[in-house]
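Notes for the structure review
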Amino acid sequence: MACLKAENVIVEFGRSQSGPVRILDKVCLTVHAGSILGLTGPSGTGKTTLGRVMAGLIQPSYGLVTCDGFSVGNVRGRSGRTVQGRIGMMFQSPRRSCNPKLTLGKTIRQIAKPDVDVDELIASVGLTCDLLERYPAQVSDGQLQRAAMARTVAAKPNYIILDEMSAMLDPATTATVVNAVRRFVANGGGALLISHDHELVGAVADEVRNL
Amino acid sequence: MEWGLAHGMRSKIGRGNSVGMLHERWRRRRHDILVMVARRFGFLIPLLVLVTIGVFALAAVSPYDPLDAYMDGRAGELSIAQQAKLVTELRLDTPWYLTWWEWISSLFRGELGISRSYYQPVAQVLRDRLPWTLLLGVTGLMISVVVSLLLGAIAGFRPQSLISRSIGVLTIILQATPPFVLALSALGLFALSLHWAPTGGLTYPGQPIGFASTVRHLLVPGLVLGVTQIPWLVLSLKDSIAEVLTSDAVRGARVRGIPYPMILRRHVLPTALPPFIALVGARLPELVVGSVLVETIFAWPGLGSALVRSAQSLDFPLLTFLTLAITMLVLIGNLLADVIYVVLDPRVDADA
Amino acid sequence: MSFSIRAWTPMLEVSWNRRFLPSPAVSIAWAVLMLIGGYAFIVPWVTNVDLLSADFARSGLAPGAGGLFGTDSAGHDLFIRVAAGLRISLTIALTTAVGSSLFGMLLGILAGMTGGWVDRTITRLMDGMNALPHVLLGVIIVSLFRGSLLAIVASLVLTHWIQIARIVRAQILGLRHAEYVEAAWLSGMSRWQIIWYHLVPASLGQSMIGLVLLIPHAIWHESTLSFLGIGLSVHKASLGTLLADAQGALLLGQWWLLVFPSLFLIAVTLSIGIVGTNLTGRMNGVRGSI
């Protein structure tokens, strides 16, 4: 069955006096296509790190991440070429995850697959088309995060990883984005929802893991 | 014994102890500094070798014709056979990398070749001219350091005063003035209009070299060379002094009633001086360029004017050797400044 | 990076902001720059003097009798010669600045983007080139290729690209882990698309300022080489060549041959320097402290 899977992932950073610091210790996690997996836990337990490992932004020290059976390598290098584009990610801060020098429209169109109707996509996250001509500095955080959601979906990934996506949003925007995630999952995608907000995760996810 | 400890321990740390402190720091960091020097040389020697290779390679592809140069531009008057004979005799038919290899190995044997433009061995040119270049360079350096320390301190301590603002404007204008414009203006003003100084050279025509006449001839070129470097030094010193004076450490010291001279010695000097010295080192290449121009304009018999003459007449043996020698001088001066910087400033790592 | 957010939205918004209204010095610098540019462009174009011929009857006339700026030793009107020299100096400087910026951006992006041994090699190259006395390199190259415009520009580019490459490399190293670049990788963009859409625009602003500030530097270098008599040939006289003539003229008391070319040389470097510094200040959100 199609899934995004982490097996025995160990991540170690740097070196303190007592050897490297182990952030993740033999973690196994499976995100199935067509479902939302919630990942919660207190801060500092490596939720974000696990999300980044599964996206291919960080290479685990040991262990393996596979996406639909292909190994997930470094997305910036040759080893990540096979799964590049299959895993999308939404970040906590839309300010940092959108290029301030590109209009929202350009940001989305640049990476949208040719069969994606950008206008419809924009409408589906509750934005109007005139916002597409604006720069990130000219829209609110909520609007920008919705645009970021549209961008993530526009690349047509098989899985999306949502890293604390609602931390900076008002409830209404959160609801819109959650709807977009649900639609994505209904169309056969898999989602990993990382959040410290138990209520949100409990309400949205099909299955919850505590790290 | 760091600078920060100084306030409370006034009575214990005697006045003359800053030299002892430097000595102590040198002793503690001697190893680091020696490693730094060794690593620098590990970088600089290959760099110098690469530069010489580059020069020889460039000469090979350039329109420069060594045979023509050897014949002082009259190679065309020779027959083809004569030319061919000379080419084999002078070994001009060897590829450039072999020429380079021969050049560099003879360099290590101490044979520097013959300068065509001075009709002298290169070693002789070097021996005759190096002392004068050093004299001019050191004079210029001294003048620029002393004047910038003075102006920078004035501007740094009273940043809003009229005099400090005028210093600011002056430095900006000086920054935009090329050294040769400055040198020519000084020549026109002091030598030609006011007749305060000779127009150039080392002595008056037909007179032997004496101390008094040398000083008279040195004064204007040295001053010009010094002034060309002043703007950068003043601006940097002014900024660092102004920064220290507004720092919390100094404000705290003043609140505690520590006498101002003490603050100057303990805070301002130690913080503002190391970057100043590092900048002096970093400006050395520019000082060399300034020296080349000043020597040319004032007919000062140093390496700079020899460099220009060798470049104008394409005196290849002298040109390559002078390039190497001057570059080496600059690199060593740079390294020296960095060593002083590391000794003076405990915050800087020696491995940079 | 708060810097890039400010840098973009830009210039329009920023320049209307009261805080960034140009100070008098900056306005004057712009005005001087325009005037000099117009003078350097229009005068040689309108007058077209033949520098190869000489008119010794009009040799060495002081300002007034010999036109606005006087005449040189060959009897040419200095007003026209300075304009022509200025034009050549500016052309060379502009070419150099553009060439160095392109080259610097290329190497900076390459170093910042690839990392590893490529980055180490380029960084070493920059350190090495920076340690050498630049004018000295220029002297050697130009004396080997005497009178060649290309050699002058090449020798200038060779020593001027480093600053731009440094700036660009630093900027790209900072951006490499920006989330929007990560998002771009994840969405399937290629390395070159990322460079083109994200990294080049981000480093463009700084590079443009670097380019502007390179111009006075290049003018200096070129005029130094020409002054030493190894730069351009006499009938393509730049300001430096004119000033080389000034030394002899000074001994004859013809001060105007020194004063006018120097004045323009200083005015050009000063005004471009002020304008460039002000642009930097605007970009960083701080007013230039002149």
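What you see is a predicted model, and the numbers here were worked out from it, not measured in a lab.

Rules of the game
Residues numbered from 1 in each chain as written. Chains lettered and ligands numbered in written order. Predicted model: local features only at pLDDT ≥ 70, side-chain atom pairs only at ≥ 80, totals over all residues. Heavy atoms only, no water. Helix = DSSP H or I, 4+ residues; strand = E, 2+ residues; numbered from the N terminus. Rg over C-alpha atoms; globule rule 2.2 N^0.38 Å. Buried < 20%, exposed > 50% of the residue type's maximum accessible area, 1.4 Å probe, protein only. Contact = heavy atoms within 4.5 Å. Areas by Shrake-Rupley, 256 points an atom, 1.4 Å probe, with all protein chains shown as cover. Lys, Arg positive; Asp, Glu negative; His and termini not counted. Charge placed at Lys NZ, Arg CZ, Asp CG, Glu CD. Core = buried A, V, L, I, M, F, W, Y, C linked by side-chain atoms within 4.5 Å. Salt bridge = Lys/Arg side-chain N within 4 Å of Asp/Glu carboxyl O. Buried area = accessible area lost by both parts, 1.4 Å probe. Polar contact = N/O pair within 3.5 Å; in protein donor to acceptor, adjacent residues only side chain to side chain. pLDDT = per-residue confidence, 0-100.

A few words on the overall build of chain A. Secondary structure summary: chain A contains seven helices and nine strands in total. Relative to the globule expectation of 17 Å for 211 residues, the C-alpha radius of gyration of chain A, 17 Å, shows essentially globular dimensions. Dimensions along the principal axes, computed over C-alpha positions, put chain A at roughly 55 × 35 × 35 Å. Across the 211 residues in chain A, those meeting the buried criterion constitute 55%. Partitioning the intrachain contacts of chain A with sequence separation of at least 6 by distance along the chain shows that 70% fall at a separation of at least 24. Of the roughly 9200 Å² of accessible surface on chain A, a fraction of 49% belongs to carbon and sulfur atoms. Averaging the locations of the 23 positively and 18 negatively charged side chains of chain A gives two centres separated by 8 Å.

For chain C, the count of helices and strands is eleven helices and zero strands. Listed by position from the N terminus, the elements making up chain C come as α-α-α-α-α-α-α-α-α-α-α. Burial analysis of chain C (290 residues in total) assigns 56% to the buried set. Counting only contacts in chain C whose residues sit at least 6 apart along the sequence, the fraction spanning at least 24 positions is 72%. As presented, chain C carries roughly 12400 Å² of accessible surface, and 70% of it is formed by carbon and sulfur atoms.

Moving on, we get to the nonpolar core. Judged by nonpolar contacts, the single largest core of 174 residues is most densely connected at L4, M54, I161 and L192 of chain A together with V82 and L86 of chain C. When residues of this core are assigned to their parent elements, the largest contribution, 14 residues, is made by helix α4 (residues 78–114) of chain C. Not counting residues within four places of it along the chain, the set of residues in contact with V82 of chain C comprises Y39, F69, L239, L242, F260, P261 and F264 of chain C. In terms of nonpolar packing, the next biggest core, distinct from the first, is built from 38 residues, A147, M149, A180 and V185 of chain A among them.

Right, let's get into the pattern of salt bridges. Residues and elements named next belong to chain A. One pass over the full model with this rule turns up 14 salt bridges over all chains. Between D68 and R86 there is a salt bridge whose closest N-O contact spans 3.8 Å. Here the residue D68 occupies a position in the loop between β4 (62–67) and β5 (70–71), and R86 occupies one in the loop between β5 and β6 (87–90), the gap between them amounting to 18 residues. Owing to a relative accessible area of 26%, D68 belongs among the partly exposed residues under this scheme. With its nearest N and O atoms 2.8 Å apart, the salt bridge here joins R95 to D141.

Residues and elements named next belong to chain C. For helix α8 (residues 179–186), the buried fraction is high: eight of the eight residues fall into the buried class. Residues of α8 that are buried: E179, Y180, V181, E182, A183, A184, W185 and L186. G188 sits one or two positions beyond α8 and adopts a positive phi of about 100°.

Taken together, the contacts link 33 residues of chain C with 44 residues of chain B. Here chain C and chain B share an interface that buries about 3400 Å² over both sides, 83% of which is from carbon and sulfur atoms. Our enumeration of links across chain C and chain B arrives at zero salt bridges. Applying the counting rule to chain C against chain B returns three residue pairs in polar contact (both at pLDDT 80 or more). Counting only elements with at least two residues in the side of chain C that touches chain B, the list comes to α5 (116–131), α6 (134–144), α9 (191–227), α10 (239–251) and α11 (256–283) of chain C. Sorting elements by how many residues they give to the side of chain C that touches chain B places α6 of chain C first, with seven residues.

Quick look at the side chain of S101 of chain C now. Considering the arrangement of structural elements, one finds S101 of chain C in helix α4. The residues contacting S101 of chain C, other than those within four sequence positions of it, are I164, S207, L211 and L214 of chain C.

Another aspect to go through is the confidence of the model for chain C. All names here are of chain C. Of the residues in chain C, 86% reach a pLDDT of 70 or more, and the chain-wide mean stands at 79. Low pLDDT, under 50, characterises residues 1–21; the predicted model gives this stretch 28 contacts beyond four residues in sequence or across chains. Overall, residues 286–290 carries pLDDT values under 50, and its contacts beyond four positions in sequence, including any with other chains, amount to 13 contacts. Two summary scores accompany this predicted model of the complex, namely pTM at 0.79 and ipTM at 0.88.

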